[in-house]
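Structural features, examined
Each chain, letter by letter, is given below.
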Amino acid sequence: QVQLVESGGDSVQAGGSLRLSCTTSGYTYSAYYMGWFRQAPGKEREGVVTIDTGGIITYVADSVKGRFTISQDRPKNILYLEMTSLKPEDTGMYYCVAHLWSTFRGRWYAPEDYQYWGQGTQVTVSS
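Position numbers for residues start from 1 in each chain and track the written sequence from start to end. Given that this is a predicted model, residues contribute local features only at a pLDDT of at least 70 and side-chain atom pairs are listed and counted only at 80 or more, while totals for whole chains, interfaces and linings are drawn from all residues. Values reported for side chains reflect all heavy atoms of the structure, with hydrogen atoms and water molecules removed beforehand.

**Remarks on the pairing of strand S8 (residues 78-83)**
Think of it in three bands: residues with accessible area under 20% of the maximum for their type are buried, residues over 50% are exposed, and the middle band is partly exposed, with areas taken using a 1.4 Å probe on protein chains only. Runs of E in the DSSP output that reach at least two residues are strands. Runs of H or I that reach at least four are helices, and both are numbered from the N terminus. A large share of S8 lies buried, amounting to 5 of its 6 residues. Here 6 bridges tie strand S7 (residues 68-73) to S8, and the two strands are oriented antiparallel to one another. Its bridge partner lying in S8, Thr69 is registered against Glu82. Should DSSP find at least two bridges between two strands, the strands are taken to pair. Here S7 hands over to S8 after 4 residues, with Asn77 in that stretch at a positive phi of 55°.

This is the structure we're talking about:
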């Protein structure tokens, strides 16, 4: 059973930094495309950063370029999202996602193309 558990969300002031973690279990980590999505209050879910099975970044939202970085600890099967220079508009629930590479439809930015989702971790940025 695929399990994705996010942690690290917090309330910070604008300009601050956070590191989110996604602890995974129940599947072959290396066979899945992974990523981070977010949902702001009153808005639809949107892609933040995604990677392929080789760890190559496949998508980065324009709004986070130069500020957010995705990384992973392969031996521990943990995915990270390093967020710097946070802005109030980064506020939202952040989700870790995964999808088996062989059935992926190819739209890195599309939330409906990812089969597995964590429960989310809340990030709140105040001005």
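Moving on from the model shown.
**Here we look at the pattern of salt bridges**
The salt bridge criterion pairs a side-chain nitrogen of Lys or Arg with a carboxyl oxygen of Asp or Glu, the two atoms within 4 Å. Applying the stated criterion to the full structure yields 8 salt bridges. Taking the shortest distance from any N to any O, the salt bridge between Arg38 and Asp90 comes out at 2.9 Å. One end of the pair, Arg38, is in strand S4 (residues 32-39); the other, Asp90, is in the loop between S8 and strand S9 (92-100), with 52 residues separating them in the sequence. The two residues Arg38 and Asp90 agree in class, both being buried. For Asp62, the salt bridge goes to Lys65, with nearest N and O atoms at 3.0 Å. On the accessibility criterion, Asp62 (64% relative accessible area) is exposed. Connected via shared salt-bridge partners are Arg38, Glu46, Arg67 and Asp90.

**Overview of the state of the cysteines**
The definition used for a disulfide is geometric: two cysteine sulfur atoms within 2.5 Å. Counted under the stated rule, the structure contains 1 disulfide. Between the sulfur of Cys22 and that of Cys96 lies a disulfide, 2.1 Å long from S to S. Looking along the S-S bond of the Cys22-Cys96 disulfide, the torsion reads about -75°, which is the left-handed sense. Of this pair, Cys22 sits in strand S3 (residues 18-25) while Cys96 sits in strand S9, placing them 74 residues apart in sequence. Of the two residues, Cys22 and Cys96, neither departs from the other in class, the shared state being buried.

**Some points on the side chain of Thr121**
With respect to the helices and strands, the residue Thr121 is situated in strand S11 (residues 121-126). N or O atoms closer than or at 3.5 Å make up a polar contact, with two conditions inside protein: a donor-capable atom paired with an acceptor-capable one, and, for residues adjacent in sequence, both atoms drawn from side chains. In terms of polar contacts, Thr121 uses its side chain to reach the backbone amide nitrogen of Gly9, at 2.9 Å. Beyond its immediate stretch of four places on either side in the chain, Thr121 contacts Glu6, Ser7, Gly8, Gly9, Leu20, Gly92, Met93 and Tyr94. Here, residues are in contact when the closest pair of their heavy atoms is within 4.5 Å.

Honestly, it's all geometry; don't read function into it.
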